[in-house]
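Architecture at a glance
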Amino acid sequence: MKSMEEILEKLDLHIKKFRPEFYDRLKTSLVENEIQSIENQYGIRIPEDLGRLYQWKNGQESSCYDAFVNNSMFIPLEEALDIAQELTSMIGTDFEIENWWNENWLPIFHNGGGDYICYDLKGIFTGNKGQILEFWNRDDDRNVIAANLEDFLSQLNTYYEEKSGDLDEFFTVESKKGYPKKFNVG
């Protein structure tokens, strides 16, 4: 299995090559002390693999509506934690069904309509910490779409390798065998 650094190096090359205008709209990376400051502000510890992603690029500019992956935009870290905090505050009031939203989910990609691709800190449903799952604000399915962030980003790299220039604006990376794992909360 490739390391997160190798995966991100390859992703960087693919986006530069196939989507140079989009690449220019990605925000600069966070350095370790910036991540630590954000962690202190929100009282959270960012997992190493997720931290590496944000040390590569800190999301995309808010004025850029191009999809990063799965018809979703890449959320800057501080904004992702703001969203997670807001959604967590709605548990028990707006969200009365267990795991409609979970306090252990960190949204890292969004489609602009209140739906998120999340990093799961605890492994809700499967026990697999670090899995990637979909949160749909109006639907009760919470599909786990990748075992971890490395697998998810590797799938994105595979997409670029297979499409090599014939890219669709609204693309979805194909899941590895065994994914998505389907769960409903209703």
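Right above here is the structure, for reference.
**Thoughts on a negative patch on the surface**
Residues Glu 21, Asp 24, Asp 66 and Glu 169 make up a contiguous surface patch of negative charge. With respect to the secondary-structure elements, Glu 169 resides in the segment after helix 6 (149-163).

**Some words on the sheet that holds strand 3 (residues 116-120)**
Reading across from one edge, 1-2-3-4-5 is the order of the five strands in this open sheet, with antiparallel pairing throughout. Each having just a single partner strand, strand 1 (73-74) and strand 5 (144-146) make up the two edges of the open sheet. The pairing of strand 4 (residues 132-135) with strand 5 spans two bridges and is antiparallel. Within strand 5, the residue paired with Ile 132 across the bridge is Ala 146. The strands touched by helix 5 (residues 77-89) are strand 2 (105-110) and strand 3; relative to strand 2, the strand with the most contacts, the crossing angle is about 125°. Sheet strands touched by helix 6: strand 2, strand 3, strand 4 and strand 5. Its angle to strand 5, the strand with the most contacts, is close to 65°.

**Brief notes about the pairing of strand 3**
Regular strands place side chains that alternate from one sheet face to the opposite one. For strand 3, a buried count of five out of five residues is recorded, marking the element as mostly surrounded by other parts of the structure. Covered by surrounding structure in strand 3 are Tyr 116, Cys 118 and Asp 120 together with Ile 117 and Tyr 119, the residues of both alternating faces. Looking at chain direction, strand 2 and strand 3 are connected through five bridges and run antiparallel. By the bridge assignment, Pro 107 is partnered in strand 3 with Cys 118. What sits between strand 2 and strand 3 in their antiparallel hairpin is a turn of five residues, with Gly 112 showing a positive phi close to 85°. Bridging between strand 3 and strand 4 involves four bridges; their strand directions are antiparallel. Paired with Ile 117 across the strands is Glu 134, a residue of strand 4.

**Re helix 3 (residues 32-42)**
Every buried residue of helix 3 is accounted for by Ile 35, Ile 38, Glu 39 and Tyr 42. Taken down its axis, helix 3 places every buried residue within 105° of arc, on the same side. Set apart from the buried face of helix 3 by more than 90 degrees, the exposed residues are Asn 33 and Asn 40. Along its buried surface, helix 3 packs onto helix 4 (48-56) and helix 5. Just downstream of helix 3 lies Gly 43, where phi reads positive at about 65°.

**Re the side chain of Asn 102**
Inspection of the secondary structure assignment puts Asn 102 in the loop between helix 5 and strand 2. Polar contacts involving the side chain of Asn 102 include one to the side chain of Asn 99, which spans 2.7 Å. Here Asn 104 takes part through its backbone nitrogen, which lies 2.8 Å from a polar atom of the side chain of Asn 102. If we skip the residues at most four places from it in the chain, Asn 102 touches Thr 88, Ile 91 and Ile 124.

**Topic: unusual backbone geometry**
In this model, Tyr 179 is joined to Pro 180 through a cis peptide bond whose omega is 5°. Here Pro 180 lies in the segment after helix 6. The backbone of Asn 71 sits at a positive phi, close to 55°, despite the residue not being glycine. Assignment of secondary structure puts Asn 71 in the loop between helix 4 and strand 1. At Asn 99, a residue that is not glycine, the phi angle is positive and equals roughly 65°. In this structure, Asn 99 sits in the loop between helix 5 and strand 2.

**Points about the pattern of salt bridges**
With the rule as written, the count across this model stands at seven salt bridges. Arg 52 is the partner of Glu 5 in a salt bridge, and the nearest nitrogen-oxygen pair spans 2.5 Å. Here Glu 5, found in helix 1 (residues 4-18), pairs with Arg 52, found in helix 4; they are 47 residues apart in sequence, far enough to count as distant. Measuring nitrogen to oxygen at the nearest pair gives 2.8 Å for the salt bridge that ties Arg 45 to Glu 39. The exposure class of Glu 39 is buried, given its relative accessible area of 7%. Several salt bridges share partner residues, and in doing so they unite Glu 5, Glu 48 and Arg 52 into one network.

The rules behind the values
Each residue is numbered by its place in its chain's sequence as written, counting from 1. For this predicted model, a pLDDT threshold of at least 70 governs which residues receive local features, and a threshold of 80 or more governs which side-chain atom pairs are given and counted, while totals over whole chains, interfaces and linings are taken from all residues. Side-chain measures were taken over the full set of non-hydrogen atoms in the model, leaving aside hydrogen atoms and water. Two joining distances apply to patches: 9 Å for like charges and 5 Å for nonpolar side chains (Val, Leu, Ile, Met, Phe, Trp, Tyr), and every residue must have over 30% relative accessible area and no salt bridge. All accessible areas in this document rest on Shrake-Rupley with a 1.4 Å probe, and a residue is counted as covered only by the protein chains that are shown. Whenever Lys or Arg places a side-chain nitrogen within 4 Å of a carboxyl oxygen from Asp or Glu, that contact is recorded as a salt bridge. Positive charge is attributed to Lys and Arg, negative charge to Asp and Glu, and no charge count is given to His or to the chain ends. Note on charges: their place is set at NZ of Lys, CZ of Arg, CG of Asp or CD of Glu. Strands are runs of DSSP state E lasting at least two residues, helices are runs of H or I lasting at least four, and both sets are numbered from the N terminus onward. Here, strands pair whenever DSSP counts at least two bridges between them. Residue contacts follow a heavy-atom distance rule, with two residues in contact if any of their heavy atoms lie within 4.5 Å. Axis lines are fitted through C-alpha atoms, for helices just across the contact stretch, and the angle between N-to-C directions can take any value from 0 to 180 degrees. A 1.4 Å probe rolled over the protein chains alone gives each residue an accessible area, and that area as a share of the maximum for its type sets the label: buried under 20%, exposed over 50%, partly exposed in between. Along the arc lie the directions from the helix axis toward the C-beta atoms. Polar contacts, as used here, are pairs of N or O atoms within 3.5 Å; protein pairs need one atom able to donate a hydrogen and one able to accept it. Residues neighboring in sequence count only if both atoms are side-chain atoms.

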